[in-house]
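Structure at a glance
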Amino acid sequence: MSRRLDYNQIAPAGAKALGGVYGYIMQSSLPSVLVDLVYLRISQINNCAYCLDMHTRDLLKKGQPIEKIALVQAWAEAGNLFDERERAALAWAETVTRVADTGVPDQAYEVVHAVFDERELVDLTIAIGLMNAYNRMAISFRNTPQAALEI
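These numbers were taken from a predicted model, which means no experiment stands behind them. (Residues numbered from 1 in each chain as written. Predicted model: local features only at pLDDT ≥ 70, side-chain atom pairs only at ≥ 80, totals over all residues. Heavy atoms only, no water.)

Looking at the packing of helix 6 (residues 84-97) against helix 8 (residues 106-113)
Packing of helix 6 against helix 8 brings their axes to within 9 Å, and their N-to-C directions diverge by 150°. With respect to their mutual orientation, helix 6 and helix 8 come out roughly antiparallel. For the pair helix 6 and helix 8, the crossing hand works out as left-handed. Only Ala108, Tyr109, Val111 and Val112 of helix 8 make contact with helix 6, whose side of the interface consists of Ala88, Trp92 and Thr95. In terms of residue class, the contact of helix 6 with helix 8 is built from six nonpolar, one polar and no charged. (Axes fitted to C-alpha atoms, helices over the stretch in contact; angles between N-to-C directions. Helix = DSSP H or I, 4+ residues; strand = E, 2+ residues; numbered from the N terminus. Parallel < 35°, antiparallel > 145°, perpendicular 65-115°, else oblique. Left-handed = near helix turned anticlockwise from the far one by under 90°. Contact = heavy atoms within 4.5 Å. Nonpolar A, V, L, I, M, F, W, Y, C, P; charged D, E, K, R; others polar.)

Written as structure tokens, this is what we have:
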């Protein structure tokens, strides 16, 4: 599969705008590991190879054990490997990413709102929207994952 176009070169202002949102999230009170776990889970749902590769590498660089990274997709069955906030964030990421199917039910909101304050919840939802946008850009224009370039 070859890259269709380089959207960063073609629309640098748009790429910069997305980067500004990314910078906002990285400066929020959300722990960076939690954000990367959410980004990885969203990228799994969307089958974005480019982002899966990137966020797996980011989590490894941050010292996350491979066992935890490998089980992000099955977080609900992973026992205490994920803490309460991580489980709530991953569940929220799933329902918001699949909004057309889920409608983001009240029960999901109640679970996540019980462990995140309102500002954190808004920031988490912005992060989820951002990763869905990045996934759609990378998939649509066929960004090549770093792992594929190393072969």
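As for the side chain of asparagine 132
Here asparagine 132 shows up in helix 9 (residues 118-140). Looking at asparagine 132, its side chain comes within polar contact range of the side chain of threonine 97, at 3.0 Å. When sequence neighbours within four positions are dropped, the list of residues in contact with asparagine 132 reads Ile42, Asn46 and Thr97. (Polar contact = N/O pair within 3.5 Å; in protein donor to acceptor, adjacent residues only side chain to side chain.)

Considerations on the packing of helix 8 against helix 9
In the contact formed by helix 8 and helix 9, the axes pass within 10 Å of each other and the chain directions differ by 120°. Taken as axis vectors, helix 8 and helix 9 run oblique relative to one another. Every residue of helix 9 that contacts helix 8 at Tyr109, Val112 and His113 is listed here: Glu118, Leu121 and Leu124.

Considerations on the layout of surface pockets
Estimated volume of the largest pocket: approximately 240 Å³. Along the wall of the largest pocket there are 15 residues; nearest its centre are Tyr7, Tyr50, Cys51, Met54 and Tyr134. Contributions of two or more residues to the lining of the largest pocket are made by helix 1 (7-10), helix 2 (12-26), helix 4 (49-61) and helix 9. With five residues, helix 4 is the largest single contributor of residues to the lining of the largest pocket. Among the residues making up the lining of the largest pocket, the classes are represented as 10 nonpolar, three polar and two charged. (1 Å grid on protein atoms, 1.4 Å probe; cavity = no way out; pocket = protein on both sides within 12 Å on 5 of 7 lines; lining within 4 Å. Points joined across faces, edges and corners; volume = space filled by probe spheres on them.)

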